[in-house]
Amino acid sequence: MRSPDEPGLAAVAPPLSITKRFIIAAASAINDAACRSDGTVNRRLVSLLDARSSASAKPVQGIRTVDVPVDTSRDVWFRLFIPCSDSAGLKIPVIVYFHGGGFAFLSPASYLYDHVCRRLCRTVNAIVVSVNYRLAPEHRHPAPYEDGVDVLRFLDRVGLLYADPLAADLADLSRCFLVGDSAGANICHHVARRWAAGAGSGWKRLRLAGMVLIQPYFGGEQRTEAEVRLAGAPLVTVERTDWLWRAFLPEGADRDHEASNVFGPRATGELEEALPAALVVVGGFDPLQDWQRRYYEGLKARGKEARLVEYPEAFHAFFAFPDLKQSAVLMEDVRSFIEGHRPSKENTGGC
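Residues numbered from 1 in each chain as written. Predicted model: local features only at pLDDT ≥ 70, side-chain atom pairs only at ≥ 80, totals over all residues. Heavy atoms only, no water.

### Considerations on empty space enclosed by the protein
One pass over the full model with this rule turns up two cavities of 30 Å³ or more. With three residues, helix α8 (residues 238-248) is the largest single contributor of residues to the lining of the largest cavity. Its residues assigned to classes, the lining of the largest cavity comprises five nonpolar, three polar and four charged. Of the voids in this model, the second largest cavity is the one considered here, and its volume is about 40 Å³. As for the second largest cavity, its lining consists of Tyr97, Val116, Leu120, Val179, Ile214, Leu330, Met331 and Val334. Looking at the lining of the second largest cavity, the elements with two or more residues in it are α3 (111-124) and α10 (325-339). Considering every element that reaches the lining of the second largest cavity, the biggest residue donor is α10, with three residues. Split by residue class, the lining of the second largest cavity holds eight nonpolar, no polar and no charged. (1 Å grid on protein atoms, 1.4 Å probe; cavity = no way out; pocket = protein on both sides within 12 Å on 5 of 7 lines; lining within 4 Å. Points joined across faces, edges and corners; volume = space filled by probe spheres on them. Helix = DSSP H or I, 4+ residues; strand = E, 2+ residues; numbered from the N terminus. Nonpolar A, V, L, I, M, F, W, Y, C, P; charged D, E, K, R; others polar.)

### Side note on the sheet that holds strand β8 (residues 306-311)
Taking strand neighbours across the sheet as the criterion, the eight strands line up as β1-β2-β4-β3-β5-β6-β7-β8 in an open arrangement whose pairing is mixed. Across the chains shown, the open sheet's two edge strands, defined by having one partner strand only, are β1 (63-71) and β8. Averaged over all pairs of adjacent strands, the angle between their axes in this sheet comes to 20 degrees, without regard to strand direction. Across seven bridges, strand β3 (residues 92-98) lies against strand β5 (residues 171-181) in parallel orientation. Bridge assignment links Pro93 to a residue of β5, and that residue is Asp172. Contacts from helix α9 (residues 289-301) reach β6 (208-214), β7 (278-283) and β8, with the element oriented near 155 degrees to β7. (Pairing = 2+ DSSP bridges. Axes fitted to C-alpha atoms, helices over the stretch in contact; angles between N-to-C directions. Contact = heavy atoms within 4.5 Å.)

### Considering the layout of surface pockets
Approximately 1000 Å³ is the volume attributed to the largest pocket. Of all the secondary-structure elements, those providing two or more residues to the lining of the largest pocket are α1 (18-34), α2 (43-49), α3 and α8. Take the lining of the largest pocket: its biggest share by element is eight residues, from α1. Taken together, the residues of the lining of the largest pocket break down into 24 nonpolar, 10 polar and four charged.

### Remarks on the confidence of the model for the protein chain
Low-confidence regions, as indicated by low pLDDT, have predicted coordinates that should not be scrutinised in detail. Looking at the protein chain as a whole, the pLDDT averages 92, with 93% of positions reaching at least 70. A low-confidence stretch, residues 1-10 (pLDDT under 50), is modelled with 17 contacts involving residues beyond four sequence positions or located in other chains. Of the regions scoring below 50 in pLDDT, residues 344-351 engages in 14 contacts with residues more than four places distant in sequence or in other chains. (pLDDT = per-residue confidence, 0-100.)

### Observations regarding the pairing of β7
Counted residue by residue, β7 has six buried out of six residues, so it is predominantly covered. Covered by surrounding structure in β7 are Ala278, Val280 and Val282 together with Leu279, Val281 and Gly283, the residues of both alternating faces. Relative to β7, β6 is paired through four bridges, and the arrangement is parallel. Note that in β7 the partner of Val212 across the bridge is Leu279. Of the pairings in the sheet, the one linking β7 to β8 comprises six bridges and is parallel in character. Looking across to β8, one finds that Gly283 is bridged to Tyr311. At this point the chain moves from β7, through α9, to the parallel β8, and the crossover so formed is right-handed. (Buried < 20%, exposed > 50% of the residue type's maximum accessible area, 1.4 Å probe, protein only. Right-handed = clockwise from strand over helix to strand, strands pointing away.)

### Side note on the environment of Lys304
By secondary structure assignment, the location of Lys304 is in the loop between α9 and β8. In the structure, Lys304 is positioned 31 residues away from Glu273 in sequence and 8.5 Å away in space, judged by C-alpha atoms. Ignoring any residue separated from it by four or fewer positions in sequence, one finds Lys304 in contact with Leu271, Glu272, Glu273, Leu275 and Leu299. A polar contact is formed between the side chain of Lys304 and the backbone oxygen of Glu273, at a distance of 3.4 Å. (Polar contact = N/O pair within 3.5 Å; in protein donor to acceptor, adjacent residues only side chain to side chain.)

What follows is the structure, encoded as structure tokens:
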């Protein structure tokens with residue numbers, strides 16, 4: 001990767017250290033090599049980059065973790081993050097986190113997301129449920145959406161008692177938030193819609209109080225101004241996103257499919273009344289930013305509560321670098337959003 005001081009790159013990326021540029025370049029090169037021309041993924045090559053961490057019953061920086069199976073036949077499970085801080089008997093919110101990776105890469109055990117969820121758990125003082133969903137292209141749309149709903153059903157039906165009694169005692173499932181980045185943020189929207197469609201029947205105790213979409217992975221057939229202007233930006237290019245959409249969307253579908261272009265020409269039906277409030281995060285160096293703003297504007301136009309926060313110097317996946325100032329600001333913005341969305345007394349009894 002060229003230096004940001006060289007011609008042609010200053011407009012598409014903020015100044016980055018040599019270490020960060022190397023990490024981004026290595027991740028991009030391996031992922032590009034792993035995405036075969038026949039639409040399959042070289043999983044063995046991907047494993048070279050995807051360093052994994054194990055769950056730890058012993059607290060690490062004040063956080064305990066445990067892996068909880070949901071459906072072993074589909075390898076659907078979640079990593080539970082439990083803060084060790086004294087909450088003085090108070091219930092704390094539950095964050096259900098969906099990782100990014102273009103629907104095709106990474107997992108809750110990936111070092112990157114283990115670390116991100118630890119930061120969320122510690123900053124927000126919340127129980128974090130990090131979901132392992134099925135990956136494309138082996139499992140196309142709507143597999144991750146179905147897996148996400150099944151995890152919510154599991155929490156609503158089974159709770160956390162058998163997984164971790166302390167977590168079960170702390171968790172307030174009436175204050176559940178969906179949080180995700182990139183493809184995981186896309187999953188947040190579609191899982192929230194499926195939950196909202198059934199709100200009022202079939203749900204005993206889990207209530208969605210909000211969703212946080214960090215640089216959501218949306219798109220369409222049209223090339224936006226940002227996609228053209230930021231060609232060559234870190235991690236995200238139209239060539240990569242096009243390949244990933246082809247790997248994820250149903251056979252024969254194009255990028256105007258509702259999974260990608262949620263308010264586009266093929267969108268069906270009105271948004272559900274129970275769809276929760278949204279915080280939408282946009283980065284100034286993210287080629288997907290126009291689609292992200294359109295999503296926010298689509299929510300507002302349909303009468304939904306939504307807030308847009310923009311980080312002008314942020315590139316796609318900036319939050320994964322904790323030493324970046326904007327990464328720390330994001331964590332505080334998420335904490336503020338969650339603290340500001342509490343269910344009213346009449347709505348705390350489940351759906």
